[in-house]
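# Analysis of the macromolecular model
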Amino acid sequence: MSNQKIFKFVNFDNKIYLWIIGILILILFFYEPIIAGIGILVLGYLIYYHWKNVHLRKVEWTRYIEGLMEEFDSATKYAILNLPIPFMMVEVDGTISWYNPKFSEIIEKKDILEKNIQDVIPTFNMKDITQEESDKSIEVVFKERNYKVLYNIVKVNKKTSNKDYLVMLYWLDNTNFTMLKEKYNAEKMNICLVQVDNYDEVMKDTDETQRPIVLAEIDKKLNTFASRMNGFIRKYESDKHIIIFENKYLDNLESKKFDILDDIREINEGNKIPVTLSIGVGVNGKTPAQIYEFAKGAIDIALGRGGDQAVVKKIDKLSFYGGKSKAVEKRTKVKARVISHALRQLIDQSDKVFIMGHQVGDMDSFGASIGVLSAVKYRNKDGYIVLGDSNPSIKNLYEKIKKEHPEYLDNIISPEDAEEMATKDSLCVVVDIHRPKSTEAPRLLEIMDKIVLIDHHRRGAEFIEDPLLVYLEPYASSTCELITEILYYFMNEKMDIEKFEAEALLAGITVDTKSFTFKTGVRTFEAASFLRRAGADTTSVRQLFQDDLETFIMKAEVVEKARIVGDGKIAISSMERQTKDSILIAAQAADDLLNINGIAASFVLVLSGDRVHISGRSLGEISVQLILEKLGGGGHLTVAGAQLDNADIDEATEQLEKAIDEYLEEGDE
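Residues numbered from 1 in each chain as written. Predicted model: local features only at pLDDT ≥ 70, side-chain atom pairs only at ≥ 80, totals over all residues. Heavy atoms only, no water.

### What to know about the side chain of His-241
As for its placement among the helices and strands, His-241 is situated in strand E8 (residues 240-246). Among the residues examined, His-241 registers a relative accessible area of 4% and is labelled buried. Reaching out from His-241, the side chain makes a polar contact with the side chain of Asp-219 at a distance of 3.3 Å. Not counting residues within four places of it along the chain, the set of residues in contact with His-241 comprises Cys-192, Leu-193, Val-194, Asp-219, Leu-222, Ile-233, Arg-234, Lys-235 and Tyr-236. (Helix = DSSP H or I, 4+ residues; strand = E, 2+ residues; numbered from the N terminus. Buried < 20%, exposed > 50% of the residue type's maximum accessible area, 1.4 Å probe, protein only. Polar contact = N/O pair within 3.5 Å; in protein donor to acceptor, adjacent residues only side chain to side chain. Contact = heavy atoms within 4.5 Å.)

### Overview of the nonpolar core
The biggest cluster of nonpolar side chains holds 59 residues, and the ones touching the most others in it are Phe-366, Ile-370, Val-429, Ile-454, Ile-483 and Leu-531. If near-sequence neighbours (up to four positions away) are discounted, Ile-483 is found in contact with Ala-368, Gly-371, Val-372, Val-431, Ile-454 and Leu-505. Judged by nonpolar contacts, the second largest core, of 31 residues, contains Val-202, Leu-222, Ile-260 and Val-275. (Core = buried A, V, L, I, M, F, W, Y, C linked by side-chain atoms within 4.5 Å.)

### Observations regarding a nonpolar patch on the surface
Together, Ile-16, Tyr-17, Ile-20, Ile-23, Leu-24, Leu-26, Ile-27, Leu-28, Phe-29, Phe-30, Tyr-31 and Ile-35 line one region of the surface with nonpolar side chains, adding up to about 1300 Å² of accessible area. Broken down by element, the residue count for the nonpolar patch peaks at nine residues, all from helix H2 (residues 12-29). When you line up the elements, Phe-29 lands in helix H2. (Patch = residues over 30% accessible without salt bridge, like charges linked within 9 Å, V, L, I, M, F, W, Y side chains within 5 Å. Areas by Shrake-Rupley, 256 points an atom, 1.4 Å probe, with all protein chains shown as cover. Salt bridge = Lys/Arg side-chain N within 4 Å of Asp/Glu carboxyl O.)

### Digging into the packing of helix H14 (residues 363-378) against helix H19 (residues 499-512)
For the pair H14 and H19, interaxial distance at closest approach is 8 Å and the crossing angle is 150°. The element H14 and its partner H19 pack so that their crossing is left-handed. Of H19, the residues touching H14 (which contributes Met-363, Asp-364, Gly-367, Ala-368, Ile-370, Gly-371 and Ser-374) are Phe-500, Glu-501, Ala-504, Leu-505, Ala-507, Gly-508, Val-511 and Asp-512. Residue composition of the contact of H14 with H19, by class: eight nonpolar, four polar and three charged. (Axes fitted to C-alpha atoms, helices over the stretch in contact; angles between N-to-C directions. Left-handed = near helix turned anticlockwise from the far one by under 90°. Nonpolar A, V, L, I, M, F, W, Y, C, P; charged D, E, K, R; others polar.)

### Let's talk about the pattern of salt bridges
Per the stated rule, a full pass over the model turns up 24 salt bridges. Between Asp-262 and Arg-265 there is a salt bridge, with its nearest N and O atoms 2.9 Å apart. Pair noted here: Asp-262 and Arg-265 are both in helix H11 (residues 260-265), with a separation of three residues, about one helical turn. Among the salt bridges present, the one from Lys-514 reaches Asp-591, with a minimum N-O distance of 3.6 Å. You can see Lys-514 sitting in the loop between H19 and helix H20 (522-533) and its partner Asp-591 sitting in helix H23 (residues 582-593), a full 77 residues away along the chain. Overlapping salt bridges bring together Asp-262, Arg-265 and Asp-308 as one network.

### Some words on empty space enclosed by the protein
Within this structure, the stated rule accounts for two cavities of 30 Å³ or more. Along its surface, the largest cavity is lined by Gly-357, His-358, Gly-361, Ser-365, Phe-366, Ser-369, Ile-385, Val-386, Leu-387 and Glu-440. Elements with a minimum of two residues in the lining of the largest cavity: H14 and strand E13 (382-386). Among the elements that line the lining of the largest cavity, the one with the most residues is H14, at three residues. Here the lining of the largest cavity is built from residues that sort into four nonpolar, five polar and one charged. Taken as a whole, the second largest cavity encloses approximately 30 Å³ of empty space. Every residue lining the second largest cavity is listed: Leu-343, Val-372, Ala-375, Ile-483, Ile-486 and Leu-487. At the level of elements, H14 and helix H18 (479-490) are the ones that each hand at least two residues to the lining of the second largest cavity. At three residues, H18 tops the list of elements feeding residues into the lining of the second largest cavity. (1 Å grid on protein atoms, 1.4 Å probe; cavity = no way out; pocket = protein on both sides within 12 Å on 5 of 7 lines; lining within 4 Å. Points joined across faces, edges and corners; volume = space filled by probe spheres on them.)

### Overview of the sheet that holds strand E19 (residues 570-575)
In space, the six strands of this open sheet follow the order E18-E19-E20-E21-E23-E22, with mixed pairing throughout. The sheet is open, and its two edges are formed by strand E18 (563-565) and strand E22 (634-635), each paired on a single side. Bridge count between E19 and strand E20 (residues 601-608): six bridges; the pairing is parallel. Residue pairing for E20: Ile-572 is matched across the bridge by Phe-603. Relative to the sheet, H23 contacts E19, E20 and strand E21 (611-618), its axis offset from that of E20 by approximately 165°. (Pairing = 2+ DSSP bridges.)

### Focus: the pairing of E19
Most of E19 is tucked away, with six of its six residues classed as buried. Burial along E19 is two-sided: the face carrying Ile-570, Ile-572 and Ser-574 and the face carrying Ala-571, Ser-573 and Met-575 are both buried. Both E18 and E19 contribute to a ladder of three bridges, which runs antiparallel. Bridging across to E19, Val-565 finds its partner in Ile-570.

### Thoughts on the sheet that holds strand E3 (residues 137-142)
Sheet architecture is open: five strands sit in the order E2-E1-E5-E4-E3, paired in antiparallel fashion. Single-partner strands in this sheet number two, and they are strand E2 (96-99) and E3. If you compare each strand with its neighbour and ignore which way they point, the axes differ by 30° on average.

### Topic: H19
For H19, spanning 14 residues, the distance from its first C-alpha to its last is 20 Å, which sits close to the expected 20 Å at 1.5 Å a residue. In terms of burial, H19 is a largely internal element, twelve of the 14 residues being buried. Within the span of H19, buried status applies to Phe-500, Glu-501, Ala-502, Glu-503, Ala-504, Leu-505, Leu-506, Ala-507, Gly-508, Ile-509, Thr-510 and Asp-512. In the core, the buried residues of H19 are packed alongside H14, helix H15 (395-404), H18, H20 and helix H21 (538-543). Of the residues one or two after H19, Lys-514 is the one with positive phi, at around 50°. (Expected span 1.5 Å × (residues − 1).)

### As for the UniProt feature "binding site: Mn(2+) 1" (unreviewed entry) in the chain
Within this numbering scheme, the UniProt entry marks His-358, Asp-362 and Asp-432 as carrying the feature "binding site: Mn(2+) 1" (unreviewed entry). What stands out for the annotated residues spanning 75 residues is how close their C-alpha atoms remain, the widest pair being 9.4 Å apart. Those annotated residues from the list above that line the largest cavity are His-358. Structurally, Asp-362 is set in the loop between strand E12 (352-356) and H14. For Asp-362, a relative accessible area of 23% translates into the label partly exposed. (UniProt positions renumbered as here; feature names shortened; annotations may be inferred.)

Here it is, written out as structure tokens:
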């Protein structure tokens, strides 16, 4: 409210009285003009007296306000000069304009005016302030003290000043709070779940008299591991332990990359196969129950990735350690029988079944889809394979279906048609992939509530949400091997499937085992024998892998320009020609590079649009999965891939070589 309005409000009644007197004099003028004339003179005097009185009061009020402002200005200056916290003013370029005595006590220096604040306090960065759009605070460490620096930027309005803006900095000593926070974080509880992931196999292959010694050695190493962290350890099953320890020990575990994995693997007390552990650590949960859930989720991922590794789960962030050994083959088929029974019930309860693999499907993905479709038909249900488009990997099998089994094409539909046909009561079976974004039709996973996942790849951080049934076994050679075992129990050991269906499944096993020379276990040959008895012809299967001359030449060019890195064990090449199927040809070329003597792993890069695709292949000695995970990719120990956006071949090759060097350095530690 302005001074003028205040005075009008204060003198409101006086004006009314004057108006009333004036009106009365006007009325009196018609009856007694002489008396009215005297009244006019009196009214004039009253008006003059009122004006003079108001004017004097206004002058006095103005003087009072000005005096108050001077006192306020003086108090403000006194308050700033004697502010109980360190305070300073700097220009936007960091030049110190003014500071109070409390700030001098911090820096223990004098005469720092016109100097740059970053020269006085090296840990202070003006960019942290000038790049922010709103007034906030920053953390600064100086002379082993922690300060929370509050700031605001003030525009200078004085025309005589050559400065446009000044930055006000208020330094709050936050050291005690920071120490308390660090102490709290250091003493927070972490839960570690440990499982001997090949316990049954180790005990079975160890002489009965040596088993107690092996078990005692495992317990001894785990107890030593826990005691180094002042942790609490309890064994709650023959192959499972729980360890509770403080968070301050986690950094040391991660820096040593959970060397307990190597210690356990070195146990040699009569056991014929190495003992391996899976470790899941839960961190930063709000309650003990939530921390346990994090640990449970972490160890599930570790087991899903093949075991012999540690996974640390910090809310949504996952860190992986180990995982460089091959997954141990499970010799019991109980799980396959249970999965087949559960799958049969889900198929019977669904109106339609949609089967899909990963984008740009390969023989394992397509063959597994055909195998699941045969199971759906066996239960007299409508089933559909969701396929975006054919490609060189499945072209021969797809053409064979078109020529010899054209009626089968009615069961192969596009993702768009599948999305229109799917309902909430439909069942979706996902094969050979567990990353939702990489499936043929990610939208289907949102439409349908019932999802079954069957895969043989090591589990990554990205996973299909809430599937009803999961059969993820990284020990298996291929998804087609898993589907074959399911069909064996699904059809009560009859394997009542078509000849070309058996050949499709056998082709999937063949391509992922590189013609039964790699990652082939006892159960792989058993699955192949089932398919052979079902009518699969090995000659026909071999014909499914024949390439045309142009594709053969392009793969030969990739092999020709390969160069050797990583102590002579890793081959890197690239594909210059861009074709519709260049990504798949690059993957096949990576397989061919493994045929070179001494090569343990291979990588082939190809540019598609503005994205570089990297295909990695390995014989098992080197984990291409761990290497390509550093570039945001993933996959399996022996088969992995990655995609780099907005990069060319040279840049991608440089990043790949850096990831290889890091992997090899980690292996030497």
